[in-house]
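One-letter residues, chain by chain:
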Amino acid sequence: MVRCPDFRKGGGAVRCPFCRHPDSRVIDSREVEDGQAIRRRRSCPECSRRFTTVEEAVLAVVKRSGVTEPFSRAKVMQGVRRACQGRPVDEDALALLAQQVEEAIRSTGAAEIPSQEVGLAILGPLSALDEVAYLRFASVYRSFESAADFAAEIDRLKSDAATRSSQAAVPVPTG
């Protein structure tokens, strides 16, 4: 199986891995990994052998230092796991959160995303998962410097919760 880097760039010909002929013909294409990759069955017109390629969209994270590295769900889970230490959050919930973060980031359509945006994408789902873990993560991510920073964030959480509950309370018509 041949791995092709980025199917969204509309790459050109694929070289046969057997005879190195510079072109091949696509026989069949299918989406795999929930649409994050395309599996293509190919045939070489020169040697007539068949092979499979998997073309996947590479999502890169640009760190503050300027270094670029591939997006990793495992790194998201690792960071969130630290914030959830001692909290009643299981591995399945962490995996689901990491999946939600990746989907949110991929939905932007960008091939490269700043690490700051990854952190922002984590905050929303983490707030819904566990408020204490959210405060821990936010305190590091947003560089809280005092108890006042924590108090302001707690007030914002309370305000958001009150807004959600008032929106959920829909008056029932009588009559």
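Everything that follows concerns the structure shown earlier in this document.
In this text, all values refer to a predicted model and were calculated from it rather than measured experimentally.

Undergrad: Would you mind showing me how to read the packing of aromatic side chains here?
TA: The description of an aromatic ring pair uses the distance of the two centres, along with the angle that the planes make with each other. Going through the model one piece at a time under the given rule, you end up with three aromatic pairs. Where Phe 18 meets Phe 51, the ring centres are 6.4 Å apart and the plane angle is 75 degrees; that geometry is what we call edge-to-face. One end of the pair, Phe 18, is in the loop between β1 (2-4) and β2 (25-32); the other, Phe 51, is in strand β4 (residues 50-56), with 33 residues separating them in the sequence. Classification of Phe 51 by relative accessible area gives buried; the value is 4%. For the ring pair Phe 144 and Phe 150, a centre distance of 5.0 Å and an interplane angle of 90 degrees mean the geometry is edge-to-face. You can call Phe 150 partly exposed: its relative accessible area is 35%. The positively charged end of Arg 49 is found above the aromatic ring belonging to Phe 18, 3.7 Å away from the centroid.

Undergrad: So what exactly am I meant to see when it comes to the packing of helix α3 (residues 115-129) against helix α4 (residues 131-141) here?
TA: Each pair of packed helices can be described by the angle between their axes along with the distance between the axes. Across the interface, α3 lies against α4 with an axial gap of 7 Å and an inter-helix angle of 160 degrees. It follows from the interaxial angle that α3 and α4 lie roughly antiparallel. In this structure, α3 crosses over α4, and the sense of that crossing is left-handed. Between α3 and α4, the residues in contact are Gln 116, Glu 117, Gly 119, Leu 120, Ile 122, Leu 123, Leu 126, Ser 127 and Leu 129 and Glu 131, Ala 133, Tyr 134, Phe 137, Ala 138 and Tyr 141, respectively.

Undergrad: I keep staring at the state of the cysteines and nothing clicks. Help me out?
TA: Put plainly, a disulfide is one covalent bond tying together the sulfur atoms of two cysteines. Going through the model one piece at a time under the given rule, you end up with zero disulfides. Free of any disulfide, Cys 47 has its nearest cysteine sulfur in Cys 44, 3.8 Å distant. Classification of Cys 47 by relative accessible area gives partly exposed; the value is 27%.

Calculation notes
Residues numbered from 1 in each chain as written. Predicted model: local features only at pLDDT ≥ 70, side-chain atom pairs only at ≥ 80, totals over all residues. Heavy atoms only, no water. Phe/Tyr/Trp six-rings, centres within 6.5 Å; stacked < 30°, edge-to-face > 60°. Helix = DSSP H or I, 4+ residues; strand = E, 2+ residues; numbered from the N terminus. Buried < 20%, exposed > 50% of the residue type's maximum accessible area, 1.4 Å probe, protein only. Lys NZ or Arg CZ within 6 Å of the ring centre and 35° of its normal. Axes fitted to C-alpha atoms, helices over the stretch in contact; angles between N-to-C directions. Parallel < 35°, antiparallel > 145°, perpendicular 65-115°, else oblique. Left-handed = near helix turned anticlockwise from the far one by under 90°. Contact = heavy atoms within 4.5 Å. Disulfide = S-S within 2.5 Å.

By themselves, these are just geometric observations and shouldn't be taken as functional.
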